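Spelled out from the first residue to the last, the chains are:
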Amino acid sequence: ELFGLEFGRRCDAAADLFRREELTQLHVWCLWHSLECGQTEGMPSEGLRRRCHAEFTAQQGRPSRLQRHVGAALFRLVGS
């Protein structure tokens with residue numbers, strides 16, 4: 001199983017190799033894994049999760065094309 005109990009330990013072992021984009025993506029995965037799946041086992045260490053969060057929050061947000069389309073559709077619905 002890819003995201004089993006060993007996943008967090010593997011991430012910790014490779015933490016020095018992760019680039020900014022990978023840390024950001026790992027932060028999103030951690031959110032999904034804990035909030036959407038209700039799982040806490042198999043998570044990276046607290047230190048690595050803090051590093052991922054720091055990279056995620058340091059990024060200047062740039063909405064995807066889908067997000068822009070959804071925003072435009074909502075704007076049309078509300079009419080503001």
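Within each chain, residue numbers correspond to sequence positions counted from 1 in written order. Owing to the predicted nature of the model, reporting of local features is limited to residues with pLDDT of at least 70; listing and counting of side-chain atom pairs is limited to 80 or more, with chain, interface and lining totals taken over all residues. Only hydrogens and water are set aside when side-chain values are computed; all heavy atoms of the structure are taken into account.

**Examining the overall build of the chain**
Where helices and strands are cited, they refer to DSSP runs of H or I of at least four residues and of E of at least two residues respectively, numbered from the N terminus. Looking only at helices and strands, one finds four helices and zero strands in the chain. Secondary structure elements in the chain, listed N-terminal to C-terminal, are α-α-α-α. In this setup the radius of gyration rests on C-alpha atoms only. A globule is expected at 2.2 Å times the number of residues raised to 0.38. The C-alpha radius of gyration computed for the chain amounts to 16 Å, which surpasses the reference 12 Å derived for 80 residues by more than 25%, pointing to a less compact arrangement than a globule. Burial status across the chain gives 21% buried among its 80 residues. Across the chain, every contact between residues at least 6 apart in sequence was considered, and the portion connecting residues at least 24 apart equals 63%. Split by element, the accessible area of the chain, about 6400 Å² in all, is 56% carbon and sulfur. His is not counted, nor are the chain ends; Lys and Arg add positive charge and Asp and Glu add negative charge. Every charge is mapped to an atom, namely NZ of Lys, CZ of Arg, CG of Asp or CD of Glu. The average position of the 11 basic charges and that of the 10 acidic charges among the side chains of the chain differ by 10 Å. The classification of residues rests on relative accessible area computed with a 1.4 Å probe and restricted to protein chains. Under 20% of the type maximum is buried, over 50% is exposed, and intermediate values are partly exposed. Any two residues having at least one pair of non-hydrogen atoms within 4.5 Å are treated as being in contact. Only the protein chains shown count as cover for residues, and the accessible areas themselves come from Shrake-Rupley with a 1.4 Å probe.

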